[in-house]
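Here's the letter readout for the chains.
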Amino acid sequence: MRRRDLLKAGGVGILAFVLRNLPAMGAEGGSGAVELVLFRRGGGGEVPPVELETVGWAIANTTGAGELIILVNLTDGQPDAEYDVFVDVNGLGNPEDVALLSTNDEGRGTVHLTLDLSNYPPTEDSVDVQVGGDGPDSFASAVTPVALKSRKKAKKKVAKKKVAKKKAKKKAAKKKVAKKKAPKKKVAKKKAKKKVAKKE
């Protein structure tokens, strides 16, 4: 029985080790995206397993539509191999959301995962996320909180964009009017100069 089938059947291999939290990328700028570092896991019976070298990273973000979107980038896996990549949300595990990541001859590979957060108990402002993978070897990230992006915030952004577009249109219209008026002003100035010249 393949490891993927085991994961789907009983949630085997879901890593739920509570490790250190990693800071949000651009937290001060409010981008909302969070970076998770992927570590290769060592065996030997340690609980949690030893964190060996860094083997990649993942970027997690939420949408106003209630989705969790994750890009997983394995940079130092086994060459020409397949890994079952999974996401553990709020420590519950979700073996149905397993994605297949294939590496090239340099051990590099990328995969996107999208999870519907309505399948998980609601939280106030964030969800705890951990990314892991099993294949010829295993890797996982720390458990990291990812901020929820509410529908209200998403609507506000759309509204702001609309206002910005309207302002841009008004500016463009004013410029057109200004260009039309410019030749008339030149003619008026010439006439004024001619009048002054006649009086002299």
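Here we take up the confidence of the model for the chain. Of the residues in the chain, 67% have a pLDDT of 70 or more, and the chain-wide mean is 75. With pLDDT under 50 throughout, residues 1-31 is counted as low confidence; its partners more than four residues away or in other chains account for 69 contacts.

What follows concerns the pattern of salt bridges. All chains considered together, the criterion is met by three salt bridges. Measuring nitrogen to oxygen at the nearest pair gives 2.1 Å for the salt bridge that ties Glu53 to Arg40. Placement of Glu53 in strand 2 (residues 51-62) and of Arg40 in strand 1 (residues 34-41) is noted, with a sequence separation of 13 residues between them. Residue class for Glu53 comes out partly exposed when judged on its relative accessible area of 38%. With relative accessibility at 13%, the residue Arg40 sits in the buried group.

What tends to happen in soluble globular proteins is that the nonpolar side chains get buried as a cluster. If you look at the biggest cluster of nonpolar residues, it comprises 27 residues, and the most contacted ones within it are Leu68, Ile70, Val72, Val87 and Val131. Residue assignment for this core shows that the elements contributing at least two residues are strand 1, strand 2, strand 3 (67-74), strand 4 (82-89), strand 5 (99-102), strand 6 (109-116) and strand 7 (126-134).

With that out of the way, let us pick up the packing of aromatic side chains. On inspection of all chains with the given rule, the structure shows one aromatic pair. With a centroid separation of 5.7 Å and an interplanar angle of 55 degrees, the aromatic rings of Tyr83 and Phe139 are classed as tilted. Taken together, the residues span a long stretch of sequence, with Tyr83 in strand 4 and Phe139 in strand 8 (residues 138-140) at a distance of 56 residues. The pair Tyr83 / Phe139 is uniform in exposure class, with both members buried.

Counting through the fold element by element, Ser118 comes out in the loop between strand 6 and strand 7. One polar contact links Ser118 to Asp116, side chain to side chain, over a distance of 2.8 Å.

All chains considered together, the criterion is met by one cavity of 30 Å³ or more. Roughly 30 Å³ of internal volume is contained in the largest cavity. Lining the largest cavity are Arg40, Val55, Leu74, Asp76, Gly77, Tyr83, Asp137, Ser138 and Phe139. Grouping the constituent residues of the lining of the largest cavity by class yields four nonpolar, two polar and three charged.

The rules behind the values
- Residues numbered from 1 in each chain as written.
- Predicted model: local features only at pLDDT ≥ 70, side-chain atom pairs only at ≥ 80, totals over all residues.
- Heavy atoms only, no water.
- pLDDT = per-residue confidence, 0-100.
- Contact = heavy atoms within 4.5 Å.
- Salt bridge = Lys/Arg side-chain N within 4 Å of Asp/Glu carboxyl O.
- Helix = DSSP H or I, 4+ residues; strand = E, 2+ residues; numbered from the N terminus.
- Buried < 20%, exposed > 50% of the residue type's maximum accessible area, 1.4 Å probe, protein only.
- Core = buried A, V, L, I, M, F, W, Y, C linked by side-chain atoms within 4.5 Å.
- Phe/Tyr/Trp six-rings, centres within 6.5 Å; stacked < 30°, edge-to-face > 60°.
- Polar contact = N/O pair within 3.5 Å; in protein donor to acceptor, adjacent residues only side chain to side chain.
- 1 Å grid on protein atoms, 1.4 Å probe; cavity = no way out; pocket = protein on both sides within 12 Å on 5 of 7 lines; lining within 4 Å.
- Points joined across faces, edges and corners; volume = space filled by probe spheres on them.
- Nonpolar A, V, L, I, M, F, W, Y, C, P; charged D, E, K, R; others polar.

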